[in-house]
Amino acid sequence: MDDKRRRFEAMAMPHLDAVTNLARWLTRGSAEADDIVQDAMLRAFRSFDGFRGEAVRPWLLAIVRNCHRTVLEQKKRHAAAPLDDDEKMEVAADGPTPEANVIQTDDGRRLDNAIAALPEELREVLILRELEEMSYRDIAAATGTPIGTVMSRLSRGRALLRAELTGGRV
Amino acid sequence: MNCDQSLQTQAYLDGELGAADALKTEEHVENCAECQALAADHADLKAAMAGAQYYRAPAALRAKINDALDAETKVIPLKPRNKGSFWLGAGSGAGGMAIAASLAFLLLAPANTMVSDLGDAHVRSLMGEHLIDVASSDHHTVKPWFAGHADVSPPAEDFKADGFTLVGGRIDYVHGARAAVVVYRHGAHIINLFTWADHNVRLPGTGSRDGYRMIFWKQKDLELAAVSDVDPAELDRFVDLVKKSQSRE
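Parameters at a glance
- Residues numbered from 1 in each chain as written.
- Chains lettered and ligands numbered in written order.
- Predicted model: local features only at pLDDT ≥ 70, side-chain atom pairs only at ≥ 80, totals over all residues.
- Helix = DSSP H or I, 4+ residues; strand = E, 2+ residues; numbered from the N terminus.
- Buried ≥ 20, exposed ≤ 12 C-beta atoms within 10 Å, placed from the backbone.
- Contact = placed C-beta atoms within 7 Å.
- Core = buried A, V, L, I, M, F, W, Y, C linked by C-beta atoms within 7 Å.
- Axes fitted to C-alpha atoms, helices over the stretch in contact; angles between N-to-C directions.
- Left-handed = near helix turned anticlockwise from the far one by under 90°.
- Nonpolar A, V, L, I, M, F, W, Y, C, P; charged D, E, K, R; others polar.
- pLDDT = per-residue confidence, 0-100.
- Pairing = 2+ DSSP bridges.
- Parallel < 35°, antiparallel > 145°, perpendicular 65-115°, else oblique.

This brings us to the overall build of chain B. Counting its regular elements, chain B contains eight helices and seven strands. When each of the 249 residues of chain B is scored for burial, the buried share is 28%.

Moving on, we come to the overall build of chain A. Counting its regular elements, chain A contains eight helices and zero strands. Seen in sequence order, chain A has helices and strands lined up from the N terminus as α-α-α-α-α-α-α-α. Of all 170 residues assigned to chain A, the portion counted as buried reaches 41%. For chain A, long-range pairs separated by at least 24 residues make up 72% of all intrachain contacts whose partners lie at least 6 apart in sequence.

Ranked by internal contacts, the top residues of the largest apolar core, which has 88 residues, are Val19(A) and Val64(A). Every residue in contact with Val64(A), bar those within four places of it in the chain, is listed here: Val19(A), Leu22(A), Ala23(A), Ile36(A) and Ala40(A).

For the rest of this paragraph, the subject is the packing of helix H4 (residues 56–78) of chain A against helix H7 (residues 136–143) of chain A. Residue and element names in this part refer to chain A. It is at 7 Å that the axes of H4 and H7 come closest, and there the two elements cross at 35°. The two elements H4 and H7 cross, and the hand of that crossing is right-handed. On H7, the residues that touch Arg57, Pro58, Leu61, Ala62 and Arg65 of H4 are Asp138, Ala141, Ala142 and Thr143.

Accessible area lost upon the coming together of the parts is a frequently used measure of interface size. Taken residue by residue, the interface counts 36 residues in chain B and 44 residues in chain A. Of all the elements in the fold, those that place two or more residues in the side of chain B that touches chain A are helix H1 (6–13), helix H3 (33–49), helix H4 (59–73) and helix H7 (139–149) of chain B. Residue contributions to the side of chain B that touches chain A peak at eight residues, all from H4(B). For the side of chain B that touches chain A, the class distribution of residues is 15 nonpolar, ten polar and eleven charged.

Moving on, we come to the confidence of the model for chain A. Per-residue pLDDT for chain A averages 82, and the proportion of residues at 70 or more is 79%. Confidence, expressed as mean pLDDT per element, reaches its minimum in chain A at helix H1 (residues 3–11) of chain A with 86 and its maximum at helix H6 (residues 120–131) of chain A with 96.

Within a sheet, neighbouring strands are paired by backbone hydrogen bonds and run either parallel or antiparallel to one another. Residues and elements named next belong to chain B. Reading across from one edge, E1-E2-E3-E4-E7-E6-E5 is the order of the seven strands in this open sheet, with antiparallel pairing throughout. Edge positions in the sheet fall to strand E1 (134–135) and strand E5 (206–209), since each has one partner strand and no second. Sheet topology note: the strand E3 (residues 177–186)/strand E4 (residues 189–197) ladder contains seven bridges and is antiparallel. Bridged to His186 within E4 is His189. Along the sheet, H7 makes contact with E1, strand E2 (165–174) and E3, crossing E2 at roughly 15°. Contacts between helix H8 (residues 232–248) and the sheet are confined to E3, E4, strand E6 (212–219) and strand E7 (222–228), with E6 contributing the most and set at about 20° to the helix.

All names here are of chain B. For His122, the position within the fold is in helix H6 (residues 94–126). Along the sequence, His122 and Ile191 sit 69 residues apart, while their C-alpha atoms lie 8.6 Å from each other. Setting aside residues up to four positions removed in sequence, His122 forms contacts with Asn192, Tyr212 and Val227.

The next thing to look at is unusual backbone geometry. Residue and element names in this part refer to chain A. The backbone of Glu133 shows a phi angle near 50°, a positive value even though the residue is not glycine. Following the sequence through the fold, Glu133 ends up in the loop between H6 and H7. When the 10 C-beta atoms within 10 Å are taken as the criterion, Glu133 is described as exposed.

Let us look at the pairing of E7(B). All names here are of chain B. Of all the seven residues making up E7, six are buried; the element is thus mostly covered by neighbouring parts of the structure. As paired strands, E4 and E7 are joined by seven bridges and run antiparallel to one another. Bridging from a neighbouring strand, Asn192 pairs with Val227 of E7. Taken together, the seven bridges between E6 and E7 define a ladder with antiparallel strand orientation. Across the sheet, Trp217 pairs through a bridge with Leu224, a residue of E7.

Bringing the packing of helix H8 (residues 147–166) of chain A against H3(B) into the picture now. Packing of H8(A) against H3(B) leaves a shortest axis separation of 11 Å and a crossing angle of 75°. If you check the angle between H8(A) and H3(B), you find them roughly perpendicular. Residues Arg158(A), Leu161(A), Arg162(A) and Leu165(A) of H8(A) lie in contact with H3(B), whose contacting residues are Asp41(B), Leu45(B) and Ala48(B). Of the residues belonging to the contact of H8(A) with H3(B), the class tally is four nonpolar, no polar and three charged.

On to the environment of Gly207(B), then. Residues and elements named next belong to chain B. Within the fold, Gly207 resides in strand E5. Residues Gly207 and Met114 lie 93 residues apart in sequence; the distance between their C-alpha atoms is 9.4 Å. In contact with Gly207, not counting residues within four places along its chain, are Val115 and Met214.

What follows is about the confidence of the model for chain B. All names here are of chain B. Looking at chain B, the pLDDT average stands at 82 and 83% of residues meet or exceed 70. Ranking the elements of chain B by mean pLDDT puts helix H5 (residues 84–92) last, at 42, and H1 first, at 95. Low pLDDT (under 50) marks residues 76–96, which in the prediction has eleven contacts with non-local residues, meaning those over four places away or in another chain. Confidence drops under a pLDDT of 50 for residues 102–106, and excluding neighbours within four residues, the segment shows one contact in the predicted structure. Interface confidence for the predicted complex, expressed as ipTM, amounts to 0.81; the pTM equals 0.62.

In structure tokens, the structure reads:
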């Protein structure tokens, strides 16, 4: 194993789960996420020589997002079928009643579906914050957005998810 | 949310605040019913999210990636091969001439729009609208930036010693697809080096538009074009430097 490969093994490969998790959530659990992961890791390896300093995980996650976007763009160019990336979710107009205001997640799949139904830009920050426990700064780096935007997306994502889980809409 | 402190409270709940700010926010929350509700919701949601699916990398995927990395490190060095040479060869015979002529007919249209696309993109960049997304003369900064933003990994070496200074990179659109652009400065002139994935179209070789000259070539699954108003001989010299750096990679 050459030096570059060893460094990649030590610095990047430990984040493979994080990379896979984000890819799966971006594709809403689709198996094509695996291709995105592989593409991303190869791409990361190819530009790893140039990688210096900063945190590896946000860098890798930025690559995954980019690979995912590339796949979407390719699909858009090739396929006749329209893509459902215009994913707007409506919150129930009348707010949840106090009785219903407790999150019931005995059914894990209901939670997963609710997360998957979130618009992509809200879903990704929520995943990175709650499942990867990343700092605002790292999330900002991974998503290429200012910290203020990360904060407002987190807030909107949480409110939307909460409304979805307590409002009875599935 | 009506409280203008709600994002600050959220940051506090996420453990993002330093001691002084945390104290201030704690005081605020004590007196703000809305932020108290936010804190309760935050804890509630956090608990719920613990039950969310976490997708770990399956062993098969891990193995596949390791194989791919193995293949990547054991690359047999190939002589840089100019894909265009096939067409030159085909064009040398009489029959080849006919083939080349019909191909030219088929491929001329994309080549023309390519020239105008690149010319437009170059002019746009000079008008200060959008020259650089990542400003750096360090290719250790520019190159990894592209990994997160482009479909291709463009050559991004600094040729300062040869008079071509790396100033940064950006993403642009050429022919309806994303292109990675590495920006160089030569004296008072800007050179835009466009790189995109090989679309298997015949490239024009050279082109010019609005006084800007372009040189096209293919190398290692990439299509590249250098666009500038520098002296033609200098642009040739620049392209040679890029080609050499690219074949070293």
